[in-house]
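Overview (structure and organization)
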Amino acid sequence: LVLLIGVIVVFIISNLVNGNVLFTDIKDTIKQTNNVVVGKNEDSLGNGRIHIWKEGFYYFNKYNYYTYGIGIDNFVFIGKDHYIKDWNEKMIVYKAHNEFLQILFCEGIYRLIIYIFFLCYVNYICFRKLHSTSPKNKSLLITLIITMDS
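Residues numbered from 1 in each chain as written. Predicted model: local features only at pLDDT ≥ 70, side-chain atom pairs only at ≥ 80, totals over all residues. Heavy atoms only, no water.

As a further point, take the packing of helix H5 (residues 109–132) against helix H6 (residues 135–149). With their axes 10 Å apart at the nearest point, H5 and H6 run at an angle of 160° to one another. It follows that H5 is roughly antiparallel to H6 by the angle criterion. As for how H5 packs across H6, the hand of that crossing is left-handed. Contacts between H5 and H6 involve Val 122, Asn 123, Cys 126, Phe 127, Lys 129 and Leu 130 on the former and, on the latter, Lys 138, Leu 141, Ile 142, Leu 144, Ile 145, Met 148 and Asp 149. Each residue belonging to the contact of H5 with H6 can be placed in one class, and the counts come to 9 nonpolar, 1 polar and 3 charged. (Axes fitted to C-alpha atoms, helices over the stretch in contact; angles between N-to-C directions. Helix = DSSP H or I, 4+ residues; strand = E, 2+ residues; numbered from the N terminus. Parallel < 35°, antiparallel > 145°, perpendicular 65-115°, else oblique. Left-handed = near helix turned anticlockwise from the far one by under 90°. Contact = heavy atoms within 4.5 Å. Nonpolar A, V, L, I, M, F, W, Y, C, P; charged D, E, K, R; others polar.)

A word on the packing of helix H4 (residues 99–107) against H5. Contact geometry of H4 with H5 gives a least axis separation of 7 Å together with a crossing angle of 145°. Along its contact with H4, which presents Glu 99, Phe 100, Ile 103, Leu 104 and Glu 107, the element H5 presents Ile 109, Arg 111, Leu 112, Tyr 115, Ile 116 and Leu 119. Class assignment for the residues of the contact of H4 with H5 results in 8 nonpolar, no polar and 3 charged.

Here H5 is 24 residues long and its end C-alpha atoms lie 36 Å apart, about the 34 Å a rise of 1.5 Å per residue gives. Residues of H5 that are buried sit in contact with H4 and H6. (Expected span 1.5 Å × (residues − 1).)

What follows deals with unusual backbone geometry. The backbone of Asp 73 shows a phi angle near 60°, a positive value even though the residue is not glycine. Turning to its location among the elements, Asp 73 is positioned in the loop between helix H3 (45–62) and H4. Here Asp 73 falls in the partly exposed class, since its relative accessible area comes to 44%. In this structure, His 97 is a non-glycine residue whose phi angle is positive, near 60°. (Buried < 20%, exposed > 50% of the residue type's maximum accessible area, 1.4 Å probe, protein only.)

Where a protein is soluble and globular, its nonpolar side chains tend to be buried together. Phe 60, Phe 75, Ile 78, Ile 84, Leu 104 and Phe 105 are the most contacted members of the largest nonpolar core, which totals 17 residues. Secondary-structure elements contributing two or more residues to this core are H3, H4 and H5. The greatest single-element share of this core, amounting to 5 residues, is contributed by H4. Residues contacting Phe 60, with those up to four places away along its chain left out, are Tyr 65, Tyr 66, Ile 78, Leu 104 and Phe 105. Judged by nonpolar contacts, the second largest core, of 5 residues, contains Val 122, Cys 126, Leu 130 and Leu 141. (Core = buried A, V, L, I, M, F, W, Y, C linked by side-chain atoms within 4.5 Å.)

Inspection of every chain in the model, using the stated rule, returns 8 aromatic pairs. Residues Phe 75 and Phe 105 carry aromatic rings whose centres are separated by 5.7 Å and whose planes lie at 25° to one another, so their mutual orientation is stacked. Here Phe 75, found in the loop between H3 and H4, pairs with Phe 105, found in helix H4; they are 30 residues apart in sequence, far enough to count as distant. Feature note: the residues Phe 57, Phe 60, Tyr 66, Phe 75 and Phe 105 constitute an aromatic cluster, connected by ring pairs. (Phe/Tyr/Trp six-rings, centres within 6.5 Å; stacked < 30°, edge-to-face > 60°.)

Here we come to the pattern of salt bridges. With the rule as written, the count across this model stands at 2 salt bridges. Arg 111 serves as the salt-bridge partner of Glu 107, at 3.0 Å between the closest nitrogen and oxygen. (Salt bridge = Lys/Arg side-chain N within 4 Å of Asp/Glu carboxyl O.)

Further remarks concern the environment of Tyr 66. Following the sequence through the fold, Tyr 66 ends up in the loop between H3 and H4. The spacing of Tyr 66 and Gln 102 is 36 residues in sequence and 13 Å in space, taken between C-alpha atoms. Aside from chain neighbours lying at most four places away, what touches Tyr 66 is Phe 60, Asn 61, Gly 108 and Ile 109. Reaching out from Tyr 66, the side chain makes a polar contact with the side chain of Asn 61 at a distance of 2.9 Å. (Polar contact = N/O pair within 3.5 Å; in protein donor to acceptor, adjacent residues only side chain to side chain.)

This is the structure we're talking about:
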């Protein structure tokens, strides 16, 4: 209880020092979530991630990067002579801001399938071990599973 109160006090103080930025971010998140629920997807959603993903898929399909992708960690070059910029055209985007789409765009569909299979296999092993693990190690294993899957 003391820890919770401490976190709340630190949150309020840091919010006041930064000019209500945290409360503004919370309000924006609630507004964006509401827009998604009612079907109003904007390019600025998620700090422009929707725009980045749309542009990435556009060039992914245009240049047929299905098999091998654009190359490891080369998302910035997906448009060949056209760089993808963020939703308000201020910065060049170097990452897809989604691990699965980053792998798909840069390394292709086969690498994405292998990556998903690997994650499923590791989860399967962890859940299998969960039943035979001592209570002391069970919390560590659960933390590992949550961290890996987030």
